[in-house]
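Observations on the model geometry
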Amino acid sequence: MMKKYEQTGFTLIELMIVIAILGILASIAIPAYQDYSIRAKISEALVAAAPFKVAIGTYYETNSSLPTSRTESGQGNIRTKYIEAVTITAAGAISIDIDDEETGVRGQTSDDMFLIVEPEFVTGAIAWRCYASNLPDGSGDDINLYRFIPSKCR
């Protein structure tokens, strides 16, 4: 009686196909993760803007106008690992200078990044909208920076 041996395991072609599929998935996942990582670092700027929002709201309630500088609102500068400086523009918007090197924005685009948090008046209340700009006063609109802003600002 002769036993017949059945082949078990994977062939070389099947293994190469699996490795090719993993390579394609990795080539998609790595850039997406890098953008996610940068967005997480930049979201710190929204947290840092909270005391400035309160100060601007208080200033507006007291003076019926928006402050035109950080010192006028009674706030000092904030500097962290991912934030270089925070200013208040002449229009009363909060301009947060993002550290492009630490967040990784510099490796993705050559533009400087500023997160602008701007007051909008809605039925007697202040609503805040945020967007990215490549200029500190918020006048520069850069589509390259859009993918880095937190989802709350989109």
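Scroll up to find the structure.
Residues numbered from 1 in each chain as written. Predicted model: local features only at pLDDT ≥ 70, side-chain atom pairs only at ≥ 80, totals over all residues. Heavy atoms only, no water.

**Digging into the packing of aromatic side chains**
Rule in force here: Note on ring pairs: Phe, Tyr and Trp rings are taken, using the six-membered ring of Trp, and paired if centres are within 6.5 Å. Classes follow the plane angle, with under 30 degrees stacked, over 60 edge-to-face and the rest tilted. Strands are runs of DSSP state E lasting at least 2 residues, helices are runs of H or I lasting at least 4, and numbering of each runs from the N terminus. Any residue under 20% of the maximum accessible area for its type is buried, any over 50% is exposed, and the rest in between are partly exposed; the area is computed with a 1.4 Å probe on protein chains only.
Applying the stated rule across the entire model yields two aromatic pairs. Centre to centre, the rings of Y33 and Y36 are 6.3 Å apart; their planes meet at 40 degrees, and the pair counts as tilted. Pair noted here: Y33 and Y36 are both in helix α1 (residues 12–48), with a separation of three residues, about one helical turn. You can call Y33 exposed: its relative accessible area is 55%. Aromatic pair Y60 and F121: ring centres 4.7 Å apart, planes at 35 degrees, arrangement tilted. Of the two residues, Y60 is situated in helix α2 (residues 50–63) and F121 in strand β3 (residues 114–122); the sequence distance between them amounts to 61 residues.

**A short note on the pairing of strand β4 (residues 125–133)**
Two faces belong to every sheet, and in a regular strand the side chains alternate between them. Heads up, the condition is: What makes two strands pair is DSSP finding at least two bridges between them.
Bridge count for β3 against β4 is nine bridges, and the pairing is antiparallel. Counterpart to P119 in the pairing with β4 is W128.

**Focus: the environment of L135**
As a reminder of what qualifies: Should any heavy atoms of two residues lie within 4.5 Å, those residues are counted as being in contact.
Take L135: it is sitting in the segment after β4. What makes L135 partly exposed here is its relative accessible area of 38%. Residues L135 and D35, 100 residues apart in the sequence, show an inter-C-alpha distance of 21 Å. Apart from the residues lying within four places of it in its own chain, the contact partners of L135 are F114, I116 and G140.

**With respect to the sheet that holds β3**
The pairing of strands in a sheet comes from backbone hydrogen bonds and takes either a parallel or an antiparallel form. The criterion, for reference: Fitting a line to C-alpha atoms yields each axis, with helices limited to the stretch in contact; the angle taken between N-to-C directions then spans 0 to 180 degrees.
Taken together, the four strands give an open sheet; going across it, the order is β1-β2-β3-β4, and neighbouring strands pair in antiparallel fashion. Unpaired on one side and paired on the other, β1 (83–88) and β4 mark the two borders of the sheet. Averaged over neighbouring strand pairs, the angle between their axes works out to 20 degrees when direction is ignored. With respect to the sheet, α1 is in contact with β1, β2 (94–98), β3 and β4, its orientation differing from that of β3 by roughly 40 degrees.

**Some thoughts on the side chain of D97**
For clarity, the cut-off: Neither His nor the chain termini are counted; the positive set is Lys and Arg, and the negative set is Asp and Glu. Salt bridges, as used here, are contacts in which a Lys or Arg side-chain nitrogen is within 4 Å of a carboxyl oxygen on Asp or Glu.
Its location among the elements puts D97 in strand β2. Lacking a salt bridge, the buried D97 has R79 as its closest oppositely charged neighbour, with an N-O distance of 7.0 Å. Filtering out sequence-adjacent residues up to four positions away, D97 remains in contact with Y82, I83, E84, A85, M113 and F114.

**A word on the nonpolar core**
To keep things clear, this is the line we draw: In this description, a nonpolar core means a group of buried Ala, Val, Leu, Ile, Met, Phe, Trp, Tyr and Cys residues linked to one another through side-chain atoms lying within 4.5 Å.
Within the largest apolar cluster, 24 residues are counted, with the highest numbers of intra-cluster contacts made by I42, I94, I96, M113 and L115. Listed by contribution, the elements that provide at least two residues to this core are α1, α2, β1, β2, β3 and β4. Here this core takes five residues from α1, the largest share from any one element. Dropping the residues within four chain positions of it, I94 is found in contact with A49, F52, K53, I56, V86, T87, L115, I116, V117 and W128.

**Description of the pattern of salt bridges**
Per the stated rule, a full pass over the model turns up six salt bridges. Across the salt bridge formed by D100 and R106, the nearest N and O atoms sit 3.2 Å from each other. The salt bridge involving R106 is made with E101; its shortest N-O contact spans 3.3 Å.

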